[in-house]
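What the coordinates show
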Amino acid sequence: MKGQDNGKSGGGTLESSRRFAFAMRALSRTPVSLSYQNRDLRYEWAENLPSGIDLADVLGNTDADFLPRLAAERLRATKLHVLETREPQRFELPVNIGGEVRWFDIWVDPDLDPAGSAIGVYSTIIDVSAQKRREVQLKNLLREVSHRSRNLLAIVLSLASQTARSATSIPGFVTAFSGRLQAIARAQDLVTDRDWQGALLSDLISRQIALFHRDNALPVELKGDDLVVSPNAALYVGLAIHELASNAVRNGQLYPGDGAIHVAFSVESRADGGRNLVVKWTERLGAGNAAHEIEPLTRKFLESVVPLAVDGMGELAVKGSRVDYALRIDGNHIT
């Protein structure tokens, strides 16, 4: 589109020099660079060069004098082609400037004399590095989503299979599987809320218990070092808390009464120099009450499935009116 005006501005003529000065100021606010090279491909004029390139290194020189060899050779070949064919060219070019790879979208147009001969080239260069970084981040995110979706489907299929094997009726299967599926879904929601970086332990525990207690105050005391666990660990820790909470409902807990549930989390050092995140569930029933025996599948989840997924250990003990569970999570799952 060609620029046009009515020849007047503020009651007077808008001189070309003023127009040009404004255009250059506007150009400086953009990632666009302009330049002109003669037929020998030496720069005679340049404006708004990319950061990291000095005008003094450009004027009177060729691309080979201030750019890396491969980038300079690509530019030279393209510009010679434009001089020979008099046809504009457009291409993208990565250039290492000051140790940082930057991407540029480049137009090269011929400068033609009245006879139609090419006597130089104009270059329009747009720094698209930010856009390229966003594209890379998006591709990485899509790969991560695809990877985690496959993992999530595998977890759901495993839950369905194991729940079906232990169920004694279809309604029983539906109830048990639906609860576990909701537990996984709530944990996944927390992971998504934190941009796939994991989930805060206190949020994870509170959300799982809320599945049973709805809008009432939770009769569970949380205490300790509140840390973020990895996305994979969040799903399995959420499942463990769900199984414990389900068992607590069978014992009459999670409702007002004289019983109590405490969940404590802390970080412990290991002899090999590593560390573990320890989550301890302590459930005390009211006077005169005895804890039910843990269902076989729940015990399997707590002692085998969950610990294996977090590279740790799970210890479950039911004694009289107490239920104690300790889950050790390898420090690599703490973010």
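1. Quick notes on the packing of helix α7 (residues 231-250) against helix α8 (residues 296-309)
The axes of two packed helices give the description: the angle between them and the distance between them. Axis separation between α7 and α8 bottoms out at 10 Å; the angle between their running directions is 165°. With respect to α8, the axis of α7 lies roughly antiparallel. As α7 packs across α8, the resulting crossing turns out to be left-handed. For the pair formed by α7 and α8, the contact residues are N232, Y236, L239, A240, E243 and L244 on the first element and T298, F301, L302, V305, V306 and A309 on the second. A class-by-class count of the residues in the contact of α7 with α8 yields nine nonpolar, two polar and one charged.

2. Considerations on the packing of aromatic side chains
For the structure shown, the criterion picks out three aromatic pairs. Centre to centre, the rings of F173 and F177 are 5.5 Å apart; their planes meet at 5°, and the pair counts as stacked. Linking F173 with F177, this pair stays in helix α5 (residues 170-193), spanning four residues, or about one helical turn. Here F177 falls in the buried class, since its relative accessible area comes to 15%.

3. Description of unusual backbone geometry
Unlike most non-glycine residues, N48 shows phi in positive territory, near 55°. Tracing the chain through its elements places N48 in the loop between β2 (43-47) and α2 (55-58). Under the relative-accessibility criterion, N48 is labelled partly exposed at 24%. The backbone of D195 shows a phi angle near 55°, a positive value even though the residue is not glycine. In this structure D195 comes out as exposed when scored by relative accessible area, which is 59%.

4. Regarding helix α4 (residues 129-166)
Here α4 contains 38 residues, and its C-alpha end-to-end distance of 55 Å stays within 8% of the 56 Å for a straight helix at 1.5 Å per residue. Buried residues of α4: S129, K132, I155, L159, Q162 and T163, and no others. Check the buried side of α4 and you find it contacts β3 (89-97), β4 (100-112), β5 (118-127), α5, α7 and α8.

5. Regarding the environment of E92
Mapping E92 onto the fold places it in strand β3. Sequence separation between E92 and I125 is 33 residues; the distance between their C-alpha atoms is 9.4 Å. Beyond its immediate stretch of four places on either side in the chain, E92 contacts R74, W103, F104, D105 and K132.

6. Notes on the sheet that holds β3
Spatially, the five strands line up as an open sheet ordered β2-β1-β5-β4-β3, and their pairing is antiparallel. Because the sheet does not close on itself, it has two edges, and the strands there are β2 and β3. Here the strands of the sheet are splayed against their neighbours by 25° on average, with no regard to which way each runs. Here β3 runs beside β4; their pairing, made up of nine bridges, is antiparallel. Following the sheet pairing, L93 is matched in β4 by F104. Sheet contacts for α4: β3, β4 and β5; angle to β4, the most-contacted strand, approximately 130°.

Criteria and cut-off values
- Residues numbered from 1 in each chain as written.
- Predicted model: local features only at pLDDT ≥ 70, side-chain atom pairs only at ≥ 80, totals over all residues.
- Heavy atoms only, no water.
- Axes fitted to C-alpha atoms, helices over the stretch in contact; angles between N-to-C directions.
- Helix = DSSP H or I, 4+ residues; strand = E, 2+ residues; numbered from the N terminus.
- Parallel < 35°, antiparallel > 145°, perpendicular 65-115°, else oblique.
- Left-handed = near helix turned anticlockwise from the far one by under 90°.
- Contact = heavy atoms within 4.5 Å.
- Nonpolar A, V, L, I, M, F, W, Y, C, P; charged D, E, K, R; others polar.
- Phe/Tyr/Trp six-rings, centres within 6.5 Å; stacked < 30°, edge-to-face > 60°.
- Buried < 20%, exposed > 50% of the residue type's maximum accessible area, 1.4 Å probe, protein only.
- Expected span 1.5 Å × (residues − 1).
- Pairing = 2+ DSSP bridges.

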